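# Residue-level structure breakdown
Below, each chain spelled out in residue letters.
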Amino acid sequence: MSEEKKTRKEAIALTYKLGQFDSPSVVAKGKGKVAENILARAGEHNVPIYEDPNLVQLLGQLDLNESIPEELYQAVAEVFAFIYHLDQQHSKSIENINYSDIKNSLF
């Protein structure tokens, strides 16, 4: 059972809205089935997933809706930078689509 506990999934969801919050906060967290549900919902909404077991362990100590402490700003900033980079790549791939080809293939 201890081996099962070690491999049990854990997930933390963060949010940050500029001007609304001083720092990112925890909006969902869980282990096992709850973590799987968090990850599934992220996938359904095309939310990028960043895997860092050490950061998950630290953020898991926070309560829901609790802002992250200053000690974790750098680590969480790296997560948001990762997401920003993915968004930029996605935007570039959309810009490169030839919409006339799509339109012609739909009719």
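Residues numbered from 1 in each chain as written. Predicted model: local features only at pLDDT ≥ 70, side-chain atom pairs only at ≥ 80, totals over all residues. Heavy atoms only, no water.

The helix and strand tally for the protein stands at five helices and two strands. Ordering the α and β elements of the protein from the N terminus gives α-β-β-α-α-α-α. With 107 residues in all, the protein has 20% of them scored as buried. Carbon and sulfur atoms make up 51% of the accessible area of the protein, which totals about 8,600 Å². (Helix = DSSP H or I, 4+ residues; strand = E, 2+ residues; numbered from the N terminus. Buried < 20%, exposed > 50% of the residue type's maximum accessible area, 1.4 Å probe, protein only. Areas by Shrake-Rupley, 256 points an atom, 1.4 Å probe, with all protein chains shown as cover.)

A grouping of Tyr16, Leu18 and Phe21 is seen on the molecular surface, where their side chains present a nonpolar patch of about 320 Å² in accessible area. Inspection of the secondary structure assignment puts Phe21 in the loop between strand E1 (10-15) and strand E2 (25-31). (Patch = residues over 30% accessible without salt bridge, like charges linked within 9 Å, V, L, I, M, F, W, Y side chains within 5 Å. Salt bridge = Lys/Arg side-chain N within 4 Å of Asp/Glu carboxyl O.)

This part covers the nonpolar core. Ile12, Val26, Leu55, Val56, Leu59, Leu62, Ile68, Leu72, Val76 and Val79 together form the largest nonpolar core, which totals ten residues. Contributing elements (two or more residues each) for this core: helix H3 (53-59) and helix H4 (73-95). With three residues, H3 is the single largest residue contributor to this core. Beyond its immediate stretch of four places on either side in the chain, Leu59 contacts Ile12, Leu14, Val26, Ile68, Leu72 and Val76. (Core = buried A, V, L, I, M, F, W, Y, C linked by side-chain atoms within 4.5 Å. Contact = heavy atoms within 4.5 Å.)

Bringing the side chain of Ser25 into the picture now. One can find Ser25 in strand E2. For Ser25, a relative accessible area of 5% gives the class buried.

Another point: the confidence of the model for the protein. Parts of the prediction with low pLDDT should not have their coordinates interpreted in detail. Chain-level pLDDT for the protein is 81 on average; 78% of the residues reach the 70-or-more range. Note on residues 99-107: pLDDT is under 50 here. Beyond four places in sequence and across chains, it has two contacts. (pLDDT = per-residue confidence, 0-100.)

Taking 1.5 Å as the rise per residue, helix H2 (residues 33-44) with twelve residues should run 16 Å; its terminal C-alpha atoms sit 16 Å apart, in good agreement. For H2, every residue scored as buried is listed here: Ala35, Ile38 and Ala42. Each buried residue of H2 sits inside an arc of 60° when the element is viewed along its axis, so together they form one side. Structural note: H2 exposes Lys33, Asn37, Arg41 and Glu44 on the side pointing more than 90 degrees away from its buried face. (Expected span 1.5 Å × (residues − 1). Arc of directions from axis to C-beta.)

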